[in-house]
Amino acid sequence: MPSLSYLVARLLQIIPTFLLVMVFIFLLVRMLPGDPAIAMAEAKATDAQVVQIRRNLGLDQPLPVQFMVFVKNTLSGDLGRSIMMKAPVSEVILSRLPTTIFLSLYAVALAVLLAGPLAFLAAMRANTTTDVVIRGVFQVGLSMPVFYIGLVLLTVLAAQLRWFPVGGYGTTFLGNLHHLMLPALSVALYTSAIIVRNLRASLIEVLDADYVQFARAKGLTPRIVMTRHVLRNALVSTVTLLGLSIGNLMSGTLVTETVFAIPGVGRLMLEAIFARDYPLIQGLTLTFAVMVSVVFLLTDVVQSLLDPRLRKS
Amino acid sequence: MSALGHTSQRRPNRLLAFLGRAFARPSFVIGFAIIACSILLALCPQVFAPYDPLAFDMTAIQQPPSLAHPFGTDNFGRDVLSRVIWAYRVDMQMALLATIFALTIGVTAGAFVGYYGGIADTIFGRCVDAIITFPFLVLVIAIVAVLGPGLVNMYIAITMVNWVYYARLTRAEIMTQKANDYAAAGRVLGFSDRRIIFRHLLPNAISPVIVYWMTDMALAILLGSSLGYLGLGAQPPAAEWGVLISEGRNFLLTAWWMSLMPGVAIVLTGLGFSLLGDALADLLRAKGR
């Protein structure tokens, strides 16, 4: 187990980062050209209404005071009211969040199932035709934007072959798996391209490492060498890669939700942008940042569980 | 690596030798060929496009790919291939403009921060931590949301986020280079900090940045076309791959070629930049040994 002090130190590290994240998000809306109150007001709003909005948003206070209020409200879970949905931002986001989390986990599972075995195959047969074909295919995958992968899958597997629904969200767990197969696969294909590329390289390195050669030389069966020495190391690099590509994954989810009309936070973000719903945009940006830092934190913890050397620093 | 490696007399020979080794690699040759063609198409699309990209032809609406129209025609009878070729202009411009300012700002900031260290470095580190806590696309579209959709605002938004990645890379390289004897020699000779950073350290630290730049141009095209597709980047009358794909979105069942054909150009160009980047990475790593 990682020591308690390690975990505490890692958690404390988040505080200054998050304070800056809050500053960015706070400044983002203040970057609006002109008066945010006017931008947020409806076109036919009277001057009195604009003043009212300004007061509601606390925009008549000096900036540092506004920031303190923003931090205080955010920490107590109050993210303001969504203009578009006419409901508290936190409620709107929470109602859409499970879909996105489900989709992301689904995509991660697919990516690992797809990339793991293929990276292994490529590494074991490095520089053979198999290796070249696998790398070639994933290199092409890496050059495809997620929305395009989605549209290709949609055309071939949903529209032509009718294996999967064109969009939407199921009602049961299995129905969800079926409905979200194509959107999850679009994100997974891109993510697995990143995994294959790096995992193959690190596997080749491990297969060639002294301790693996030594394990073989002392007569361990290839199976034990594989599971105890090679796989364990491969796992560390896969976890690290998945952790680092969480930003990519979230970006991909945002796009894929739009392509397949899935009611998650990604599509909500776009709706909010076109509706100029700034409190909602602010809340969503914060939500994405929270999700990424939680994953970064989990990655570090899992990494230190798998690799004791990392606990020392 | 020698400190005197970049004296002017030896440069042409080294450049020729480098190019010789580069063109011996198939990945470099293919990547170079793709990018050279893409630049050519971007510079003079009128020479290569078989039809006027904007001309409506009501007698040839949504024709499937054929010899006359290799990529088919769209819902106004416009030739999709010609529109894809004209779009090279916008998309290649995206590859350049979404990265070049980020590179310039990032490299300069990273070089100074890496050289001086201290408080500036700590502040920089914290900012980087905070910025990478946002998914790239989320931060970019949040900024675009505030500035308003459009190409120029998209460049501004991408640059505001992207410079961090260049700065981080340059900072790390400068920190390693700074520990070398030649940097100390420069200081002993009384050279100014600026001269040591830009004339001595940076030329030795720049190669990973160039490699990253190649991959980043591929990423810029992916990102730019995604924003175009979402309606936040290039705006509809303009021919841009993401915009073209989104225009065909409603005709996937009846005219799949409207959406799927422009994607071929994205994949091909992206592939070109990544092949070039990979080949350069291998070449520069081999040189470093």
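Reading guide: rules and limits
- Residues numbered from 1 in each chain as written.
- Chains lettered and ligands numbered in written order.
- Predicted model: local features only at pLDDT ≥ 70, side-chain atom pairs only at ≥ 80, totals over all residues.
- Heavy atoms only, no water.
- UniProt positions renumbered as here; feature names shortened; annotations may be inferred.
- Helix = DSSP H or I, 4+ residues; strand = E, 2+ residues; numbered from the N terminus.
- Contact = heavy atoms within 4.5 Å.
- Areas by Shrake-Rupley, 256 points an atom, 1.4 Å probe, with all protein chains shown as cover.
- Lys, Arg positive; Asp, Glu negative; His and termini not counted.
- Charge placed at Lys NZ, Arg CZ, Asp CG, Glu CD.
- Buried < 20%, exposed > 50% of the residue type's maximum accessible area, 1.4 Å probe, protein only.
- Salt bridge = Lys/Arg side-chain N within 4 Å of Asp/Glu carboxyl O.

- Looking at an unreviewed UniProt entry, one finds chain B named Nickel ABC transporter permease, with Aminobacter aminovorans as its source organism.
- Chain B has a UniProt comment under Sequence similarities (unreviewed entry) that states "Belongs to the binding-protein-dependent transport system permease family."
- In its Subcellular location (unreviewed entry) section, UniProt records this for chain B: "Cell membrane".

- The name given to chain A in an unreviewed UniProt entry is Peptide/nickel transport system permease protein, with Aminobacter ciceronei as the source organism.
- Taken directly from UniProt, the Subcellular location (unreviewed entry) text for chain A runs: "Cell membrane".
- Quoted straight from UniProt, the Sequence similarities (unreviewed entry) entry for chain A says "Belongs to the binding-protein-dependent transport system permease family."

Observations regarding the overall build of chain B
- In terms of regular secondary structure, chain B is built from 12 helices and zero strands.
- Starting at the N terminus and ending at the C terminus, chain B contains elements arranged as α-α-α-α-α-α-α-α-α-α-α-α.
- Dimensions of chain B, computed from the C-alpha atoms along their principal axes, are close to 80 × 45 × 25 Å.
- In chain B, 72% of the contacts between residues at least 6 apart in sequence involve partners at least 24 apart.
- Summed over its atoms, the accessible surface of chain B is roughly 12,900 Å², and 68% of this surface lies on carbon and sulfur atoms.
- Here chain B carries 20 positive and 15 negative side-chain charges, and the mean point of each set is 14 Å from the other.

Here's the deal with the overall build of chain A
- Across its full length, chain A holds 14 helices and two strands.
- Seen through its C-alpha atoms, chain A measures out along the principal axes to roughly 85 × 55 × 35 Å.
- Taking all 313 residues of chain A together, 48% fall into the buried category.
- Taking as baseline every contact in chain A between residues at least 6 positions apart, the subset at least 24 positions apart corresponds to 71%.
- Accessible surface for chain A amounts to roughly 15,600 Å². Of this, 68% is attributable to carbon and sulfur atoms.
- Positive and negative side-chain charges of chain A, numbering 24 and 15 respectively, have mean locations separated by a distance of 8 Å.

A few points about the UniProt feature "transmembrane region" (unreviewed entry) in chain A
Residue and element names in this part refer to chain A.
- In the numbering used here, UniProt assigns the feature "transmembrane region" (unreviewed entry) to residues 7-29, 101-124, 136-157, 177-196, 230-250 and 280-302.
- For residues 7-29, the helix share is 100%, the strand share is 0%, and the end-to-end C-alpha distance is 34 Å.
- Here residues 280-302 is 100% helix and 0% strand, with 33 Å between the C-alpha atoms at its ends.

Describing the pattern of salt bridges
All names here are of chain B.
- With the rule as written, the count across this model stands at 11 salt bridges over all chains.
- The residue Arg25 makes a salt bridge to Asp282 at a minimum N-O spacing of 3.7 Å. Separated by 257 residues along the polypeptide, Arg25 in the loop between α1 (11-23) and α2 (26-43) and Asp282 in helix α12 (residues 257-288) bring together distant segments of the chain.
- Take Asp282: its relative accessible area is 31%, and that puts it in the partly exposed class.
- For Arg126, the salt bridge identified is with Asp129, shortest N-O distance 3.5 Å. With a gap of three residues between them, Arg126 and Asp129 both fall in helix α5 (residues 118-131), about one helical turn apart.
- For Asp129, a relative accessible area of 30% translates into the label partly exposed.

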